[in-house]
Amino acid sequence: IRTLEGLDVPLSFIDFPGYKFETKGRFDLVCCSDQKLVCELVKNLIQQYKIRRFCFVGDYRHCLSFHERYMGMIRALQRKDLPHGVQEDILEDDTTFDYGDVARLKERIQAFKRVPECFVCCNDFVARKVTEACKELGYFVPEDAFVFGFDGTGWAVNGSPKLTTFNVDKECLGEEAIRSLSIRIRHPGSPTKTIFLDCDVINRESTKR
């Protein structure tokens, strides 16, 4: 990214590395409105099911979208005046912690004093692995805990229960990135912008009782 910026060419990114680079630069950014979407779903679960104990699973430093999803959960809990600490989450650095390793997820879940009532996962793959870990520990989704992911991938539907997720329109993201790049080519001196695209929540078995 630093090399690309040094070439002084028009740039447009879809999503962005989190914390490794500043998000301010001579480029445009296109991403989903992850924070708002997760915030709304978490608030709805609090209101409908009186859930109080949430756990984010994933390395929020991995990319901008993971960070926004984490902040969406935190924002919802703050708005509902629910206390929450990082010790209640699974936030390990994904360069040293394998989120696809069910055994390691089981260890982390077992370490909690009480099993979370809802696992907010950084994506569908991690959400599926969390459901597997819970099942091996004798906890069932959604009876004992809710789980939801993000991205609308096959991981959400290939398995039981089917997972609640957000249907990210990747084609639309690509089109918007090309549109931004085209404008940047024609008007290189125009202000940089960040574009947030909404997507639909797909409510499935993993967040219903």
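Heads up: these notes are all about the structure in this document. (Residues numbered from 1 in each chain as written. Predicted model: local features only at pLDDT ≥ 70, side-chain atom pairs only at ≥ 80, totals over all residues. Heavy atoms only, no water.)

### Digging into the nonpolar core
Here is step 1 of the chain: With 58 residues, the main nonpolar core has Val-42, Phe-54, Val-57, Met-73 and Phe-119 as its most contacted residues.
Here is step 2 of the chain: Residues within four places of Met-73 in sequence aside, it is in contact with Val-38, Val-42, Phe-54, Cys-55, Phe-56, His-84, Asp-89 and Val-120.
Here is step 3 of the chain: Core analysis: the second largest hydrophobic core is formed by seven residues, Leu-11, Phe-13, Phe-16 and Leu-64 among them. (Core = buried A, V, L, I, M, F, W, Y, C linked by side-chain atoms within 4.5 Å. Buried < 20%, exposed > 50% of the residue type's maximum accessible area, 1.4 Å probe, protein only. Contact = heavy atoms within 4.5 Å.)

### Side note on the pattern of salt bridges
Here is step 1 of the chain: Taken as a whole, this structure holds 13 salt bridges when the rule is applied.
Here is step 2 of the chain: Ionic pairing is found between Arg-184 and Asp-28, a salt bridge with its closest N-O pair at 2.9 Å. You can see Arg-184 sitting in helix H6 (residues 170–186) and its partner Asp-28 sitting in strand E2 (residues 28–32), a full 156 residues away along the chain. The exposure classification of Arg-184 matches that of Asp-28, with both residues buried. (Salt bridge = Lys/Arg side-chain N within 4 Å of Asp/Glu carboxyl O. Helix = DSSP H or I, 4+ residues; strand = E, 2+ residues; numbered from the N terminus.)

### A closer look at the side chain of Arg-184
Here is step 1 of the chain: A relative accessible area of 4% places Arg-184 in the buried class.
Here is step 2 of the chain: Polar contacts involving the side chain of Arg-184 include one to the side chain of Asp-28, which spans 2.9 Å.
Here is step 3 of the chain: Within polar-contact distance, the side chain of Arg-184 engages the backbone oxygen of Ser-190 at 2.7 Å.
Here is step 4 of the chain: Apart from residues no more than four positions distant in its own chain, Arg-184 is found in contact with Pro-10, Leu-11, Arg-26, Asp-28, Gly-189, Ser-190, Pro-191 and Thr-192. (Polar contact = N/O pair within 3.5 Å; in protein donor to acceptor, adjacent residues only side chain to side chain.)

### Focus: the state of the cysteines
Here is step 1 of the chain: Applying the stated criterion across every chain, the model contains zero disulfides.
Here is step 2 of the chain: As a non-bridged cysteine, Cys-31 has Cys-32 as the owner of its nearest cysteine sulfur, 7.3 Å distant.
Here is step 3 of the chain: Here Cys-63 stays free of any disulfide, with the sulfur of Cys-122 as its closest cysteine sulfur at 7.9 Å. (Disulfide = S-S within 2.5 Å.)

### Some words on the pairing of strand E7 (residues 194–197)
Here is step 1 of the chain: Going residue by residue along E7, you find Ile-195 and Leu-197 tucked away on one face and Thr-194 and Phe-196 left uncovered on the opposite face.
Here is step 2 of the chain: Where E2 lies against E7, four bridges are found, and the strand directions are parallel. Note on E7: the bridge partner recorded for Cys-31 is Phe-196. (Pairing = 2+ DSSP bridges.)

### So, the sheet that holds strand E1 (residues 12–14)
Here is step 1 of the chain: One open sheet holds the three strands; their spatial order is E1-E2-E7, and the pairing between them is parallel. In this open sheet, the two edge strands, each paired with only one partner strand, are E1 and E7. Averaged over all pairs of adjacent strands, the angle between their axes in this sheet comes to 15 degrees, without regard to strand direction. (Axes fitted to C-alpha atoms, helices over the stretch in contact; angles between N-to-C directions.)

### Things to note about the sheet that holds strand E3 (residues 54–57)
The pairing of strands in a sheet comes from backbone hydrogen bonds and takes either a parallel or an antiparallel form.
Here is step 1 of the chain: Spatially, the three strands line up as an open sheet ordered E3-E4-E5, and their pairing is parallel. Of all strands in the sheet, those bounded by a partner on one side alone are E3 and strand E5 (146–148). The mean inter-strand angle of the sheet, taken between neighbouring strand axes irrespective of direction, is 20 degrees.
Here is step 2 of the chain: Looking at chain direction, E3 and strand E4 (residues 118–121) are connected through four bridges and run parallel. Residue pairing for E4: Val-57 is matched across the bridge by Cys-121.
Here is step 3 of the chain: Against the sheet, helix H3 (residues 64–79) touches E3 and E4, its axis set at about 170 degrees to E3.
Here is step 4 of the chain: Along the sheet face, helix H5 (residues 124–136) touches E3, E4 and E5 and points at about 150 degrees away from the line of E4.

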